[in-house]
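Now for the letters of each chain:
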Amino acid sequence: GAGVSQSPSNKVTEKGKDVELRCDPISGHTALYWYRQSLGQGLEFLIYFQGNSAPDKSGLPSDRFSAERTGGSVSTLTIQRTQQEDSAVYLCASSPFSGSGNTIYFGEGSWLTVV
Amino acid sequence: RKEVEQDPGPFNVPEGATVAFNCTYSNSASQSFFWYRQDCRKEPKLLMSVYSSGNEDGRFTAQLNRASQYISLLIRDSKLSDSATYLCVVTSPGDTGRRALTFGSGTRLQVQP
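Source: prediction; values computed, not measured.

Caption draft 1: Expanded view of the overall build of chain A. Helix and strand content of chain A: 0 helices and 11 strands. Put simply, chain A runs from its N terminus to its C terminus through helices and strands in the order β-β-β-β-β-β-β-β-β-β-β. Taken over C-alpha atoms, the radius of gyration comes to 13 Å for chain A, in line with the 13 Å a tight globule of 115 residues would show. The principal-axis extents of the C-alpha atoms in chain A amount to approximately 35 × 25 × 25 Å. Here chain A holds 115 residues, and the buried ones make up 50% of them. Here the contacts in chain A between residues at least 6 apart in sequence split such that 54% fall between residues at least 24 apart. Between the averaged position of the 9 positive side-chain charges in chain A and that of its 11 negative side-chain charges there is a distance of 3 Å.

Caption draft 2: Just the sheet that holds strand β1 (residues 5–7) of chain A, in detail. Residues and elements named next belong to chain A. Ordered by their spatial adjacency, 4 strands build an open sheet running β1-β3-β8-β7, and the pairing between neighbours is antiparallel. Single-partner strands in this sheet number two, and they are β1 and β7 (65–69). Direction aside, neighbouring strands of the sheet carry axes that sit 15° apart on average. Across 5 bridges, the pairing between β7 and strand β8 (residues 75–79) is antiparallel.

Caption draft 3: Structural detail: the pattern of salt bridges. Residue and element names in this part refer to chain B. Scanning the entire structure with this criterion turns up 7 salt bridges over all chains. The residue Glu56 makes a salt bridge to Arg76 at a minimum N-O spacing of 3.6 Å. Of this pair, Glu56 sits in strand β6 (residues 55–57) while Arg76 sits in the loop between β8 (70–75) and β9 (84–91); the two residues are 20 residues apart in sequence, bridging distant segments of the chain. Put simply, Arg59 and Asp82 hold a salt bridge, and the shortest N to O gap is 2.8 Å. Here Arg59, found in the loop between β6 and β7 (60–65), pairs with Asp82, found in the loop between β8 and β9; they are 23 residues apart in sequence, far enough to count as distant. Given a relative accessible area of 3%, Asp82 falls into the buried group.

Caption draft 4: How the structure looks around the sheet that holds strand β1 (residues 4–6) of chain B. All names here are of chain B. Reading across from one edge, β1-β3-β8-β7-β6 is the order of the 5 strands in this open sheet, with antiparallel pairing throughout. For this open sheet the edge positions go to β1 and β6, each flanked by a neighbour on one side alone. Averaged over all adjacent pairs, the angle separating strand axes in this sheet is 20°, with direction ignored.

Caption draft 5: Fine view of the state of the cysteines. In total, this model carries 2 disulfides over all chains according to the counting rule given. Between the sulfur atoms of Cys23 of chain A and its disulfide partner Cys92 of chain A the distance amounts to 1.9 Å. Its torsion about the S-S bond being -70°, the disulfide of Cys23 of chain A and Cys92 of chain A is classed as left-handed. With Cys23 of chain A in strand β3 (residues 19–24) and Cys92 of chain A in strand β9 (residues 88–95), the pair connects residues that are 69 residues apart, well separated along the chain. Each of the two residues, Cys23 of chain A as well as Cys92 of chain A, counts as buried. Between the sulfur atoms of Cys23 of chain B and its disulfide partner Cys88 of chain B the distance amounts to 1.9 Å.

Caption draft 6: Structural detail: the packing of aromatic side chains. Inspection of every chain in the model, using the stated rule, returns 11 aromatic pairs over all chains. Between Tyr35 of chain A and Phe106 of chain A the ring centres are 5.8 Å apart and the planes differ by 50°, which places this aromatic pair in the tilted class. With Tyr35 of chain A in strand β4 (residues 31–37) and Phe106 of chain A in strand β10 (residues 105–106), the pair connects residues that are 71 residues apart, well separated along the chain. Across the pair, exposure class does not vary: Tyr35 of chain A and Phe106 of chain A are buried alike. Taken together, the ring pairs connect Tyr33, Tyr35, Phe45, Tyr48 and Phe106 of chain A together with Tyr36 and Phe103 of chain B into an aromatic cluster. Positioned above the aromatic ring of Trp111 of chain A, the side-chain terminus of Arg41 of chain B is 4.1 Å from the ring centre.

Reading guide: rules and limits
Residues numbered from 1 in each chain as written. Chains lettered and ligands numbered in written order. Predicted model: local features only at pLDDT ≥ 70, side-chain atom pairs only at ≥ 80, totals over all residues. Heavy atoms only, no water. Helix = DSSP H or I, 4+ residues; strand = E, 2+ residues; numbered from the N terminus. Rg over C-alpha atoms; globule rule 2.2 N^0.38 Å. Buried < 20%, exposed > 50% of the residue type's maximum accessible area, 1.4 Å probe, protein only. Contact = heavy atoms within 4.5 Å. Lys, Arg positive; Asp, Glu negative; His and termini not counted. Charge placed at Lys NZ, Arg CZ, Asp CG, Glu CD. Pairing = 2+ DSSP bridges. Axes fitted to C-alpha atoms, helices over the stretch in contact; angles between N-to-C directions. Salt bridge = Lys/Arg side-chain N within 4 Å of Asp/Glu carboxyl O. Disulfide = S-S within 2.5 Å. Phe/Tyr/Trp six-rings, centres within 6.5 Å; stacked < 30°, edge-to-face > 60°. Lys NZ or Arg CZ within 6 Å of the ring centre and 35° of its normal.

Listed below in structure tokens is the structure:
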């Protein structure tokens, strides 16, 4: 597609349930990032992929969070046993390659509400 | 000290005003600089890159001051549609992953009629 595509755009889930968020990056972009943003807050880095590997998982807040990327393209962020503090918008971004000086392009985000 | 710092605002200005934001960065080796714009409940979008000699795009002017380690964004003739949060983004050589781009927490601008 023309841009970064994320699904679902909105998700309401009950506390304790698992959720999967999907990101389809811009075709040909090798670098993929996941960020989280709570209402009124700045961007919080979660994880970065270069191709299918994740050299930097340092931002994942707990072991309930995991992510994978297959075929160097689509990525899935999974949150197990969701908690209310997981409520946020989860933003995926991609760029042609990793490294500094690189413009990244964001998807519209997946808005997660845990009730 | 944060790597990238911005005044959170909000900056409340009337239509037609000129407004400027600064962003300071701590790593003197920082190499590339950007301004992103984020509308309420939307994703960040690239507004403009910041070049060493300064650059202009219509009503927007970006400047870099390496000696004092800050970048600025000037908006002339503010429009209501300029109301948004402006994010400063800095990168440093050799950084990848989480450090490929370091985001400031943003400056909120509210242009009033």
